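Observations on the model geometry
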Amino acid sequence: MAKKKNLFERFSNWATNATGSSGAFIIAIITILIWLVTGPVFKYSDTWQLIINTGTTIITFLMVFLIQKSQNKDSKAIHLKLNEILASHEGSSNRMVDIEDLSENELDHLHRFYQQLSDLAEKEEDLLCTHSIDAADENHLLKSRRYSKKIVKVVKEK
């Protein structure tokens, strides 16, 4: 399944791992310390300040793209894993697969729906009670009736 990665992909993976390491942080600290120590030598000149400003700006600019590439790859992998879980679980709604392609308004609508589910779940006594997007209201009514019948049965037995 693993295909050979192109040059940019290999470099991106290497750079992401290298720049996120303790060694990279130590190198950054040492660079700052060297810059600070050389301040008096260069009499804190504009050129001395420009060197650190230019260097950090260039590194920051490049890191933004590197971080974004890494985030995009991680995000895609997480979405695929979640899609696999949704698709393989009998009780889940397949309509939830690839919802990241929905508009902001559609996502807000789903969010309101799940907020309603959360409100229903808070009313339930059973912590293990679950609902899916396709059958939430119906399940809630069925479960509530069953729960009510159990209570009536227990009361009648006493």
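Structure first, text after, so check above.
Attention in this report is confined to the structure presented alongside it. Source: prediction; values computed, not measured. (Residues numbered from 1 in each chain as written. Predicted model: local features only at pLDDT ≥ 70, side-chain atom pairs only at ≥ 80, totals over all residues. Heavy atoms only, no water.)

Bringing the environment of Ala24 into the picture now. Position of Ala24 relative to the elements: it lies in helix α2 (residues 22-37). Ignoring anything within four residues of it in the chain, the contact list for Ala24 reads Ala18 and Thr19. (Helix = DSSP H or I, 4+ residues; strand = E, 2+ residues; numbered from the N terminus. Contact = heavy atoms within 4.5 Å.)

Their axes nearest at 11 Å, the elements α2 and helix α3 (residues 46-88) cross at an angle of 170°. The angle between the axes of α2 and α3 places the two elements in the roughly antiparallel class. Facing α2, whose interface residues are Ile32, Trp35 and Leu36, α3 presents Trp48, Gln49 and Ile52. A class-by-class count of the residues in the contact of α2 with α3 yields five nonpolar, one polar and no charged. (Axes fitted to C-alpha atoms, helices over the stretch in contact; angles between N-to-C directions. Parallel < 35°, antiparallel > 145°, perpendicular 65-115°, else oblique. Nonpolar A, V, L, I, M, F, W, Y, C, P; charged D, E, K, R; others polar.)

Following the criterion strictly, the structure yields five aromatic pairs and no others. Both rings, one in Trp35 and one in Trp48, keep their centres 4.1 Å apart while their planes meet at 5°; by these two values the pair is stacked. With Trp35 in helix α2 and Trp48 in helix α3, this pair connects stretches of sequence that are 13 residues apart. Each member of the pair, Trp35 as well as Trp48, carries the same accessibility label: buried. Among the aromatic side chains, those forming a connected cluster through ring pairs are Trp35, Tyr44 and Trp48. (Phe/Tyr/Trp six-rings, centres within 6.5 Å; stacked < 30°, edge-to-face > 60°. Buried < 20%, exposed > 50% of the residue type's maximum accessible area, 1.4 Å probe, protein only.)

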